[in-house]
Amino acid sequence: MDKCWQDHARQMSMIRNIFLFLDRTYVFQISMLSSIWDMGLELFKSYIIRDQNVQSRTIDGILLLIEKERNGEMIDRCLIQRLLSMLSDLQIYQVSFENKFLEETNRFYAAEGRKLVQKKEIPGCLYHIKNLLEEEVDRVRAYLSLNTQKLLIAIVEKQLLGEHLSAVLQKVVRQPGVPEECQTHPLWGVSLCFDLS
């Protein structure tokens, strides 16, 4: 898909350059006509991307690469950036990609949150959550739309912290060295978590 898009963009750029005068004078005088570039985008979208098989394979491939990166594998970030830029240029990023991406993020971090709470001690858990949040912000900077960042971070925080807050607080209260009067005070664990983060 990446090669197909790159070829299309290069060819449309050449066509636009050949008809530059026509595109800048005649087309802009008649409001009903689209520019050559816009017509090329619309043709690519209607004949290539609107094919559900092609679109789903492209989106699923991008999501698979992102999941591999989340699991620690090296991926071609430039490839993802180019494909997401294509979806953005075609004005289908939000409808076709973002919703599925956020669903997959929710699923991934729900499982990650359960593993973290069960396996790690509180300081290590909070440190790992901080690293995961930084990785997601880096992912946004590298290839995702900036508009996705707020929703993405909210999901990660909810799945890693919000869903497991009571379990984290129970672990804090049961730590050795915690005075008994603190264990019975309901806000003690909450204030300790805020101090740690």
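Residues numbered from 1 in each chain as written. Predicted model: local features only at pLDDT ≥ 70, side-chain atom pairs only at ≥ 80, totals over all residues. Heavy atoms only, no water.

K.L.:
How should the overall build of the protein be read in this particular structure?
P.N.:
Summing up its helical and strand segments, the protein has 12 helices and zero strands in all. Reading the protein from its N terminus to its C terminus gives the helix and strand order α-α-α-α-α-α-α-α-α-α-α-α. Expressed as a percentage of the 197 residues in the protein, the buried residues total 37%. For the protein, the exposed area adds up to about 12,400 Å²; of that, 56% sits on carbon and sulfur atoms. (Helix = DSSP H or I, 4+ residues; strand = E, 2+ residues; numbered from the N terminus. Buried < 20%, exposed > 50% of the residue type's maximum accessible area, 1.4 Å probe, protein only. Areas by Shrake-Rupley, 256 points an atom, 1.4 Å probe, with all protein chains shown as cover.)

K.L.:
What is the right way to look at the confidence of the model for the protein in this model?
P.N.:
Any residue range with low pLDDT should be treated as having predicted coordinates unsuitable for detailed reading. Of the residues in the protein, 82% have a pLDDT of 70 or more, and the chain-wide mean is 84. For the protein, helix α12 (residues 188–196) is the element with the lowest average pLDDT, namely 50, and helix α6 (residues 77–89) is the one with the highest, namely 96. (pLDDT = per-residue confidence, 0-100.)

K.L.:
Honestly, the nonpolar core in this entry has me stumped. Any pointers?
P.N.:
Where a protein is soluble and globular, its nonpolar side chains tend to be buried together. Leu84, Leu87, Phe97 and Leu144 are the most contacted members of the largest nonpolar core, which has 36 residues in total. For this core, the elements supplying multiple residues, two or more each, are α4 (36–49), α5 (52–70), α6, α7 (93–119), α8 (122–142) and α9 (146–160). No other element matches α7, which puts seven residues into this core. With sequence-adjacent residues up to four places away left out, leucine 144 is seen in contact with Leu84, Tyr93, Phe97, Phe101, Arg139 and Leu152. (Core = buried A, V, L, I, M, F, W, Y, C linked by side-chain atoms within 4.5 Å. Contact = heavy atoms within 4.5 Å.)

K.L.:
So what exactly am I meant to see when it comes to α9 here?
P.N.:
Helical periodicity: at 3.6 residues per turn, an α-helix aligns residues three or four positions apart in one direction. The first and last C-alpha atoms of α9 sit 22 Å apart over 15 residues, in line with the 21 Å expected at 1.5 Å per residue. Those residues of α9 that fall on the buried side of the exposure criterion are Thr148, Leu152, Ile153, Ile155, Val156, Gln159 and Leu160. For α9, the buried positions fall inside an angular range of 165 degrees around the axis, keeping them on one side. Among the exposed residues of α9, those pointing more than 90 degrees away from its buried face are Asn147 and Lys150. (Expected span 1.5 Å × (residues − 1). Arc of directions from axis to C-beta.)

K.L.:
Which parts of the structure should I look at to understand the pattern of salt bridges?
P.N.:
When the charged atoms of two side chains lie near each other, side chains of opposite charge can form a pair. Going through the model one piece at a time under the given rule, you end up with 15 salt bridges. Between arginine 10 and aspartate 7 there is a salt bridge whose closest N-O contact spans 2.8 Å. On the criterion of helical spacing, the pair formed by arginine 10 and aspartate 7 is a turn pair, its members being three residues apart in helix α1 (residues 2–18). You can call arginine 10 partly exposed: its relative accessible area is 46%. Taking the shortest distance from any N to any O, the salt bridge between glutamate 69 and arginine 77 comes out at 2.6 Å. The class for glutamate 69 is buried, based on a relative accessible area of 13%. (Salt bridge = Lys/Arg side-chain N within 4 Å of Asp/Glu carboxyl O.)

K.L.:
What's the story with the packing of aromatic side chains in this structure? I'm lost.
P.N.:
When we look at a pair of aromatic rings, we describe it by the centre distance and by the angle of the planes. Per the stated rule, a full pass over the model turns up four aromatic pairs. A centroid spacing of 5.0 Å and a plane angle of 65 degrees characterise the contact between tryptophan 5 and phenylalanine 44, whose relative ring orientation is edge-to-face. Here the residue tryptophan 5 occupies a position in helix α1, and phenylalanine 44 occupies one in helix α4, the gap between them amounting to 39 residues. Comparing tryptophan 5 with phenylalanine 44 shows no difference in burial state: the two are buried. Look at phenylalanine 97 and phenylalanine 101: their rings are 5.3 Å apart centre to centre, the planes differ by 15 degrees, and that puts the pair in the stacked class. Here the residue phenylalanine 97 and the residue phenylalanine 101 both occupy positions in helix α7, the gap between them amounting to four residues, near one helical turn. The residues phenylalanine 97 and phenylalanine 101 share a single accessibility class, namely buried. Each member of the aromatic cluster is reached from another via a ring pair, and the members are Tyr93, Phe97 and Phe101. (Phe/Tyr/Trp six-rings, centres within 6.5 Å; stacked < 30°, edge-to-face > 60°.)

K.L.:
Explanation requested: the packing of α7 against α9 in the structure shown.
P.N.:
The description of two helices packed together rests on the angle between their axes and the distance between the axes. One can describe the packing of α7 onto α9 by two numbers: an axis separation of 8 Å at closest approach and a directional angle of 25 degrees. Relative to α9, the element α7 lies roughly parallel. For the crossing formed where α7 meets α9, the hand is right-handed. Residues Tyr93, Glu98, Phe101, Leu102, Thr105, Asn106, Tyr109, Ala110, Glu112, Gly113 and Leu116 of α7 touch α9, and the partners they reach there are Asn147, Thr148, Leu151, Leu152, Ile155, Val156, Gln159 and Leu160. By residue class, the composition of the contact of α7 with α9 is 11 nonpolar, six polar and two charged. (Axes fitted to C-alpha atoms, helices over the stretch in contact; angles between N-to-C directions. Parallel < 35°, antiparallel > 145°, perpendicular 65-115°, else oblique. Left-handed = near helix turned anticlockwise from the far one by under 90°. Nonpolar A, V, L, I, M, F, W, Y, C, P; charged D, E, K, R; others polar.)

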